[in-house]
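So the chains spell out like this:
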Amino acid sequence: MLLIDSKSRPKGCQARSASKITLNRYGRSTVWVWFVVALVLSFLAFGAKTVVALTWLSAGDMVLLIVHRPGRRFLRRMIKVMCWQVALIVSLYCLRFGYAAGWLSGLTTAWQLCLAFLPGAIFIETVPEHLITRMLTDVMPSRPAFVLATCLNFIPMIIAEAKSIYQGQVLRGARILPKDLADPRNWAEMLNCLVVPMMIHSMKLAHEIALAAKARDFGIMKGRTSWSWEADSCNNGGSRRGTRMEEQ
Amino acid sequence: MSRIPLKESLFLGFCAVFTLLFRALFRLHLHIPGHAMFFTVFFLFMARASVNRLLAASFTGMLAGMGALVLGIGKAGPMLFAKFILPGLVIDLAALLVPGLFQSTILCLMVAALAGSSKFLDTWVVDWLIGMDKKVMLQHALFEGGTAMLFGLIAGLFVVPVIRKLQSHGVIPGKSVEPV
């Protein structure tokens, strides 16, 4: 239901479609299991102070990587982030304790930090969006869950709108091309030409969605509700027999 | 949050989506850590200015954190939610305590810098949990928080002109930006 059109996604999100794992075939409970595994590995990294413990945790993360098989793009991104963190932390330790004493403890701490981040990153990279959304809606109150699911569902439409506004503004001569945005002086133009129309559009969209939801009696009951005809229409060839609201 | 009308909740949700989309679409190629804070702070300000409710920015931050989890945007660590919620809390608190916040560029700059610097706290907490040396921990958190503060400050510079523009389009009612 909440799958996002991969073609309309920004570059940062496109990598996920390539590395979608096979969790779809396991279902919801498996996602919870992997979430707990990632969480436990992440928190264990905070407590691991010795090289032996860190090696064991690295082995655990390797198993996670092998099972989930994230794409090369993800691995490249993570290596980039980790190299930056390792360089920064080792440099700070060398400055504090001198090169001889600092590099090893710096490296151990950076290793620990990377192990704390990696399981979560693997999890969110490889589990399909709709399963994570369902997982979140399981634990969230109904109103924020509806808002989150609806807004994520409208992302392809928002991106399409943003693209058409962007192209129109570029044709009008706005300095909002990626190379122009390297200069912070052009950021104001980007906000005026792109963000303001997008926000006006989103306000209208929010109004329309709210109106449509109100027309379908959204919010008249405290808990989550659904229209029973959705299930009926699948079974009865699309007829709207027995339409009534049900509290879940 | 249940007291916020659905239309406003959805608008906050869209602000959260914009935070994530603009981060992904406009990677500014500056190669400076913390530049994502520009969009985070900017859209949290927009959310709070548009929806005059207590904790509106924090709610937007929470939705952005969840959206980041779903879309796989940003470095995912245990502090993923804090990265978005903390600046939101700072903005909400400032909107509550400082009347006329969204009309004054100087006030917006100060609050935006403060919201940006909230990255100091989540870096510090993660480093502390790892058991890093105290001085290194402080330097690391100061570096990360400092760069985020710089970009938060730049975002704060654009808040008032954009709010005025949105007011002129009727998206934000003129007087509702004052905290109640």
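Chains are numbered independently. Their residues run from 1 in the order of the written sequence. To read the labels, note that chains go from A and ligands from 1, taken in the order they are written. For a predicted model such as this one, the threshold for reporting local features is a pLDDT of at least 70, and the threshold for listing and counting side-chain atom pairs is 80 or more; totals across whole chains, interfaces and linings nevertheless cover every residue. Hydrogens and water are ignored here; the side-chain numbers use all heavy atoms of the structure.

**Remarks on the overall build of chain B**
Secondary structure elements follow DSSP: runs of H or I no shorter than four residues count as helices, runs of E no shorter than two count as strands, and numbering proceeds from the N terminus. Within chain B one finds 7 helices and 0 strands. Of the regular secondary structure in chain B, the N- to C-terminal order runs α-α-α-α-α-α-α. Remark: exposure states derive from per-residue accessible area (1.4 Å probe, protein chains only) relative to the maximum for the residue type, with buried under 20%, exposed over 50%, and partly exposed in between. Counting across all 180 residues of chain B, residues that qualify as buried make up 59%. Intrachain contacts of chain B at a sequence separation of at least 6 include 72% that bridge at least 24 residues. Contact criterion: two residues are considered in contact whenever any of their non-hydrogen atoms come within 4.5 Å of each other.

**Quick word on the overall build of chain A**
Each helix and strand in chain A was counted, giving 10 helices and 2 strands. Traced from its N-terminal end to its C-terminal end, chain A shows the element sequence α-α-α-α-α-α-α-α-α-β-α-β. The proportion of buried residues among the 248 residues of chain A is 45%. In chain A, the proportion of contacts linking residues at least 24 apart, taken out of those at least 6 apart, comes to 65%.

**Some words on the environment of Val51 of chain A**
With respect to the helices, strands and loops of the structure, Val51 of chain A is situated in helix 3 (residues 51-68). Taking the relative accessible area as the measure of exposure, Val51 of chain A reaches 48% and is therefore partly exposed.

**Quick notes on the nonpolar core**
As used in this record, nonpolar core signifies buried Ala, Val, Leu, Ile, Met, Phe, Trp, Tyr and Cys residues forming a set joined through side-chain atoms within 4.5 Å. Within the largest apolar cluster, 126 residues are counted, with the highest numbers of intra-cluster contacts made by Phe123 and Met199 of chain A together with Phe42, Phe45 and Leu166 of chain B. Top contributing element to this core by residue count: helix 9 (residues 187-215) of chain A, with 16 residues. With near-sequence residues (within four places) excluded, Leu166 of chain B lies in contact with Val196, Met199 and Ile200 of chain A together with Met46, Val171 and Ile172 of chain B.

**Brief notes about the interface of chain B and chain A**
In this assembly, 64 residues from chain B lie in contact with 69 residues from chain A. The buried area of a pairing is the accessible area, by a 1.4 Å probe, that goes missing from both parts when the two are put together, added over both. Together, the buried faces of chain B and chain A total about 6200 Å²; carbon and sulfur atoms form 83% of this surface. We define a salt bridge as a side-chain nitrogen of Lys or Arg found within 4 Å of a carboxyl oxygen belonging to Asp or Glu. The interface formed by chain B and chain A holds 0 salt bridges in total. Think of a polar contact as two N or O atoms within 3.5 Å of one another; within protein, one of them needs to be a possible hydrogen donor and the other a possible acceptor, and neighboring residues in sequence only count if both atoms come from side chains. Remark: the boundary between chain B and chain A carries 4 residue pairs in polar contact (both at pLDDT 80 or more). Elements with a contribution of two residues or more to the side of chain B that touches chain A: helix 1 (6-25), helix 2 (37-50), helix 3 (56-71), helix 6 (118-130) and helix 7 (134-168) of chain B. In terms of residue count, helix 1 of chain B provides more of the side of chain B that touches chain A than any other element does, 14 residues in total.

**So, the pattern of salt bridges**
All names here are of chain B. In the structure shown here, the tally under the stated rule is 5 salt bridges over all chains. The closest approach of N and O atoms between Glu144 and Lys119, which form a salt bridge, is 3.2 Å. Taken as a pair, Glu144 in helix 7 and Lys119 in helix 6 lie far apart in primary sequence, 25 residues in all. With respect to burial, Glu144 and Lys119 carry one shared label: buried.

**Structural notes on the packing of aromatic side chains**
Side-chain rings of Phe, Tyr and Trp (the six-membered ring for Trp) are treated as a pair once their centres are within 6.5 Å; stacked means planes under 30 degrees apart, edge-to-face means over 60, and tilted covers the remaining angles. Counted by the stated rule, this structure contains 18 aromatic pairs over all chains. Between Phe18 of chain B and Phe22 of chain B the ring centres are 6.2 Å apart and the planes differ by 70°, which places this aromatic pair in the edge-to-face class. Pair noted here: Phe18 of chain B and Phe22 of chain B are both in helix 1, with a separation of 4 residues, about one helical turn. For Phe18 of chain B, a relative accessible area of 1% corresponds to the buried category. Ring centres of Phe22 of chain B and Phe43 of chain B lie 5.4 Å apart, and the angle between their planes is 35°; on these two criteria the pair is classed as tilted. Residue Phe22 of chain B is found in helix 1, and its partner Phe43 of chain B is found in helix 2; the two are separated by 21 residues along the sequence. The buried category is assigned to Phe22 of chain B, whose relative accessible area is 4%. Overall, the relative accessible area of 0% leaves Phe43 of chain B in the buried class. Connected via pairs of aromatic rings, a cluster forms that spans Trp187 of chain A together with Phe18, Phe22, Phe38, Phe39, Phe42, Phe43, Phe151 and Phe158 of chain B.

**Considerations on the packing of helix 8 (residues 155-171) of chain A against helix 9 of chain A**
Residues and elements named next belong to chain A. The axes used here are C-alpha line fits, helices contributing only the stretch in contact, and every angle between their N-to-C directions lies in the interval 0 to 180 degrees. Contact geometry of helix 8 with helix 9 gives a least axis separation of 10 Å together with a crossing angle of 145°. Read as a crossing pair, helix 8 and helix 9 show a hand that is right-handed. Where helix 8 approaches helix 9, its residues Met157, Ile158, Glu161, Ala162, Ile165, Tyr166 and Gln169 are matched on the opposing element by Cys193, Leu194, Pro197, Met198, His201 and Leu205. In this classification, the charged set is Asp, Glu, Lys and Arg, the nonpolar set is Ala, Val, Leu, Ile, Met, Phe, Trp, Tyr, Cys and Pro, and all remaining amino acids, among them Gly, are polar. In terms of residue class, the contact of helix 8 with helix 9 is made up of 10 nonpolar, 2 polar and 1 charged. Note on convention: near helix rotated counterclockwise from far helix by under a right angle means a left-handed crossing. Clockwise means right-handed.

**Side note on the confidence of the model for chain B**
Confidence in the prediction of chain B, expressed as mean pLDDT, is 84, and 88% of residues score 70 or more. When mean pLDDT is taken per element in chain B, helix 5 (residues 105-116) of chain B scores highest with 93 and helix 6 of chain B scores lowest with 87. Known as pLDDT, the predictor's per-residue confidence is scaled from 0 to 100.

**Quick word on unusual backbone geometry**
Trans is the prevailing form of peptide bonds, just as negative phi is the prevailing case for residues other than glycine. Here Arg69 of chain A, not a glycine, exhibits a phi torsion of approximately 45°, which is positive. The exposure class assigned to Arg69 of chain A is exposed, which follows from its relative accessible area of 57%.

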